[in-house]
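Notes for the structure review
Letter by letter, the chains look like this.
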Amino acid sequence: MATHRILFVCLGNICRSPMAEGVFSHVAAQAGHGEKFIIESAGTGAWHIGNPPDPRAVAAAGRRDIDLSHQRARQVHSDDFEAFDLVIAMDSSNHANLLRMAPEAHAHKIQLFLDHLPDASGREVPDPYYGGDEGFEEVLDLIEAASRALLARLT
Ligand code: 4NP
(Lines give C-alpha, C1' and ligand atoms only; values in the text may rest on other atoms or scores of the structure.)
Protein backbone atom coordinates (compact mmCIF):
# COMPACT_ATOMS: atom_id res chain seq x y z
CA MET A 1 0.00 0.00 0.00
CA ALA A 2 1.28 3.46 -0.85
CA THR A 3 1.91 5.51 2.24
CA HIS A 4 3.76 8.55 0.90
CA ARG A 5 2.74 10.63 -2.09
CA ILE A 6 5.55 12.96 -3.16
CA LEU A 7 5.56 15.59 -5.91
CA PHE A 8 8.98 16.96 -6.93
CA VAL A 9 8.81 20.43 -8.46
CA CYS A 10 11.18 22.60 -10.52
CA LEU A 11 10.63 25.34 -13.10
CA GLY A 12 10.35 23.54 -16.45
CA ASN A 13 9.78 19.90 -15.36
CA ILE A 14 12.31 18.77 -17.95
CA CYS A 15 15.58 18.70 -15.96
CA ARG A 16 15.71 18.68 -12.16
CA SER A 17 12.31 17.37 -11.03
CA PRO A 18 12.19 14.53 -13.61
CA MET A 19 15.64 13.49 -12.37
CA ALA A 20 14.38 13.68 -8.76
CA GLU A 21 11.32 11.57 -9.69
CA GLY A 22 13.51 8.95 -11.37
CA VAL A 23 16.29 8.91 -8.77
CA PHE A 24 14.03 8.82 -5.72
CA SER A 25 11.90 6.04 -7.25
CA HIS A 26 15.10 4.13 -8.05
CA VAL A 27 16.69 4.40 -4.60
CA ALA A 28 13.38 3.55 -2.90
CA ALA A 29 12.96 0.45 -5.08
CA GLN A 30 16.58 -0.58 -4.52
CA ALA A 31 16.01 -0.37 -0.77
CA GLY A 32 12.88 -2.53 -1.04
CA HIS A 33 10.50 0.36 -0.32
CA GLY A 34 9.19 1.04 -3.82
CA GLU A 35 5.63 0.06 -2.97
CA LYS A 36 5.43 2.65 -0.21
CA PHE A 37 5.64 5.63 -2.54
CA ILE A 38 3.72 7.38 -5.29
CA ILE A 39 6.21 9.71 -6.97
CA GLU A 40 5.49 12.34 -9.61
CA SER A 41 7.07 15.58 -10.80
CA ALA A 42 5.78 18.87 -12.20
CA GLY A 43 6.94 22.36 -13.15
CA THR A 44 5.77 25.78 -12.05
CA GLY A 45 6.16 26.95 -15.68
CA ALA A 46 4.09 25.91 -18.70
CA TRP A 47 6.66 26.04 -21.55
CA HIS A 48 7.37 22.32 -21.78
CA ILE A 49 3.99 20.71 -21.04
CA GLY A 50 3.79 17.31 -22.75
CA ASN A 51 7.52 17.17 -23.55
CA PRO A 52 9.90 14.42 -22.48
CA PRO A 53 12.78 15.38 -20.17
CA ASP A 54 15.80 17.19 -21.62
CA PRO A 55 17.97 14.66 -23.54
CA ARG A 56 20.93 15.58 -21.30
CA ALA A 57 18.89 14.60 -18.21
CA VAL A 58 17.79 11.33 -19.86
CA ALA A 59 21.41 10.54 -20.79
CA ALA A 60 22.88 11.40 -17.38
CA ALA A 61 20.25 9.37 -15.52
CA GLY A 62 20.66 6.53 -18.04
CA ARG A 63 24.36 6.30 -17.12
CA ARG A 64 23.11 5.43 -13.61
CA ASP A 65 20.62 2.87 -14.98
CA ILE A 66 17.66 5.17 -14.34
CA ASP A 67 15.16 5.52 -17.19
CA LEU A 68 13.44 8.92 -17.52
CA SER A 69 12.34 8.50 -21.14
CA HIS A 70 8.70 7.68 -20.34
CA GLN A 71 8.16 10.91 -18.36
CA ARG A 72 6.20 13.86 -19.80
CA ALA A 73 6.26 17.38 -18.39
CA ARG A 74 3.22 18.82 -16.70
CA GLN A 75 2.49 21.98 -14.75
CA VAL A 76 1.70 22.09 -11.04
CA HIS A 77 -2.04 22.51 -10.48
CA SER A 78 -4.04 23.44 -7.42
CA ASP A 79 -5.30 19.86 -6.86
CA ASP A 80 -1.73 18.71 -6.32
CA PHE A 81 -1.62 20.27 -2.86
CA GLU A 82 -4.51 18.03 -1.84
CA ALA A 83 -3.34 14.94 -3.71
CA PHE A 84 0.25 14.82 -2.40
CA ASP A 85 1.64 14.52 1.13
CA LEU A 86 4.87 16.33 0.28
CA VAL A 87 5.53 18.92 -2.43
CA ILE A 88 9.30 19.28 -2.71
CA ALA A 89 10.89 22.25 -4.48
CA MET A 90 14.31 22.18 -6.14
CA ASP A 91 15.12 25.84 -5.45
CA SER A 92 13.90 28.76 -3.41
CA SER A 93 12.18 30.39 -6.38
CA ASN A 94 10.09 27.24 -6.96
CA HIS A 95 9.50 27.11 -3.20
CA ALA A 96 8.21 30.69 -3.08
CA ASN A 97 5.96 30.11 -6.12
CA LEU A 98 4.48 26.98 -4.53
CA LEU A 99 3.78 28.84 -1.31
CA ARG A 100 1.92 31.51 -3.31
CA MET A 101 -0.18 28.85 -5.08
CA ALA A 102 -0.99 26.54 -2.16
CA PRO A 103 -4.18 26.70 -0.12
CA GLU A 104 -3.14 27.65 3.40
CA ALA A 105 -4.26 24.30 4.80
CA HIS A 106 -1.65 22.52 2.64
CA ALA A 107 1.24 24.99 2.85
CA HIS A 108 2.98 22.80 5.45
CA LYS A 109 3.55 20.15 2.76
CA ILE A 110 5.94 22.37 0.80
CA GLN A 111 9.63 21.76 1.41
CA LEU A 112 13.03 22.64 -0.06
CA PHE A 113 14.65 19.40 -1.25
CA LEU A 114 18.16 20.05 0.07
CA ASP A 115 16.84 20.79 3.54
CA HIS A 116 16.83 16.97 3.82
CA LEU A 117 20.56 16.83 3.18
CA PRO A 118 22.71 17.36 6.27
CA ASP A 119 25.06 20.33 5.78
CA ALA A 120 23.11 21.52 2.74
CA SER A 121 20.19 23.07 4.59
CA GLY A 122 18.93 26.13 2.74
CA ARG A 123 20.87 25.25 -0.41
CA GLU A 124 19.30 24.78 -3.82
CA VAL A 125 19.53 22.28 -6.63
CA PRO A 126 21.01 24.51 -9.37
CA ASP A 127 19.26 24.76 -12.73
CA PRO A 128 21.45 22.88 -15.25
CA TYR A 129 19.39 23.90 -18.30
CA TYR A 130 21.71 26.62 -19.63
CA GLY A 131 24.97 24.82 -18.76
CA GLY A 132 26.90 21.81 -20.02
CA ASP A 133 26.68 18.07 -19.46
CA GLU A 134 28.81 18.21 -16.29
CA GLY A 135 26.10 20.32 -14.64
CA PHE A 136 23.70 17.42 -15.01
CA GLU A 137 26.14 15.07 -13.25
CA GLU A 138 26.55 17.50 -10.32
CA VAL A 139 22.78 17.94 -10.05
CA LEU A 140 22.29 14.17 -10.11
CA ASP A 141 24.84 13.76 -7.29
CA LEU A 142 22.91 16.28 -5.17
CA ILE A 143 19.55 14.72 -6.02
CA GLU A 144 20.83 11.23 -5.23
CA ALA A 145 22.20 12.28 -1.83
CA ALA A 146 19.03 14.19 -0.93
CA SER A 147 16.87 11.25 -2.10
CA ARG A 148 18.73 8.85 0.18
CA ALA A 149 18.34 11.25 3.11
CA LEU A 150 14.62 11.75 2.42
CA LEU A 151 14.08 8.00 2.06
CA ALA A 152 15.84 7.38 5.38
CA ARG A 153 13.58 9.93 7.03
CA LEU A 154 10.40 8.36 5.66
CA THR A 155 11.13 4.67 6.19
P1 4NP B 1 14.19 22.63 -14.86
O2 4NP B 1 15.11 23.43 -15.90
O3 4NP B 1 13.42 23.66 -14.08
O4 4NP B 1 15.18 21.92 -14.00
O5 4NP B 1 13.31 21.72 -15.69
C6 4NP B 1 14.58 24.35 -16.81
C7 4NP B 1 14.14 23.92 -18.04
C8 4NP B 1 13.64 24.83 -18.94
C9 4NP B 1 13.58 26.16 -18.62
C10 4NP B 1 14.00 26.61 -17.38
C11 4NP B 1 14.50 25.69 -16.47
N12 4NP B 1 13.08 27.10 -19.56
O13 4NP B 1 13.10 28.31 -19.27
O14 4NP B 1 12.63 26.70 -20.64
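Everything that follows concerns the structure shown earlier in this document.
Residues numbered from 1 in each chain as written. Predicted model: local features only at pLDDT ≥ 70, side-chain atom pairs only at ≥ 80, totals over all residues. Heavy atoms only, no water.

**Section: the site of the ligand**
- Around the ligand, a shell composed of Cys10, Leu11, Gly12, Asn13, Ile14, Cys15, Arg16, His48, Asp127, Tyr129 and Tyr130 is seen.
- Here an oxygen atom of the ligand and a backbone polar atom of Cys15 are 2.9 Å apart.
- Between the ligand and the protein, one listed contact pairs an oxygen atom with a side-chain N or O atom of His48 at 2.7 Å.
- Considering the ligand on its own, with 360 Å² of exposed area, one finds that the protein chains cover 93% of that surface. (Near = heavy atom within 4 Å. Polar contact = N/O pair within 3.5 Å; in protein donor to acceptor, adjacent residues only side chain to side chain. Areas by Shrake-Rupley, 256 points an atom, 1.4 Å probe, with all protein chains shown as cover.)

**Side note on the side chain of Glu21**
- Tracing the sequence through the fold places Glu21 in helix α1 (residues 16-30).
- Buried and unpaired, Glu21 has Arg74 as its nearest opposite-charge partner, separated by 7.7 Å.
- Apart from the residues within four sequence positions on either side, Glu21 is in contact with Phe8, Ile39, Glu40, Ser41 and Gln71. (Helix = DSSP H or I, 4+ residues; strand = E, 2+ residues; numbered from the N terminus. Buried < 20%, exposed > 50% of the residue type's maximum accessible area, 1.4 Å probe, protein only. Lys, Arg positive; Asp, Glu negative; His and termini not counted. Salt bridge = Lys/Arg side-chain N within 4 Å of Asp/Glu carboxyl O. Contact = heavy atoms within 4.5 Å.)

**Topic: the packing of α1 against helix α5 (residues 133-154)**
- Remark: α1 packs on α5, axes separated minimally by 9 Å, with the N-to-C direction vectors making an angle of 45°. Between α1 and α5, the crossing angle belongs to the class labelled oblique. As α1 packs across α5, the resulting crossing turns out to be right-handed. In contact with Arg16, Met19, Ala20, Val23, Phe24, Val27, Ala28 and Gln30 of α1, α5 contributes Phe136, Val139, Leu140, Ile143, Glu144, Ser147, Arg148, Leu150 and Leu151.
- Tallied by class, residues from the contact of α1 with α5 come to 12 nonpolar, 2 polar and 3 charged. (Axes fitted to C-alpha atoms, helices over the stretch in contact; angles between N-to-C directions. Parallel < 35°, antiparallel > 145°, perpendicular 65-115°, else oblique. Left-handed = near helix turned anticlockwise from the far one by under 90°. Nonpolar A, V, L, I, M, F, W, Y, C, P; charged D, E, K, R; others polar.)

**Here's the deal with the nonpolar core**
- Core analysis: the biggest nonpolar cluster contains 35 residues, and Ile6, Phe8, Met19, Phe24, Phe113, Ile143 and Leu150 have the highest contact counts within it.
- Counting residues per element, the ones that place at least two in this core are β1 (4-10), α1, β2 (37-43), α2 (55-62), β3 (86-89) and α5.
- Tallying contributions element by element places α5 first for this core, with 8 residues.
- The residues contacting Phe24, other than those within four sequence positions of it, are Ile6, Phe8, Phe37, Ile39, Ser147, Leu150 and Leu151.
- Residues Phe81, Phe84, Val87 and Ile110 belong to the second largest nonpolar core, which totals 11 residues. (Core = buried A, V, L, I, M, F, W, Y, C linked by side-chain atoms within 4.5 Å.)

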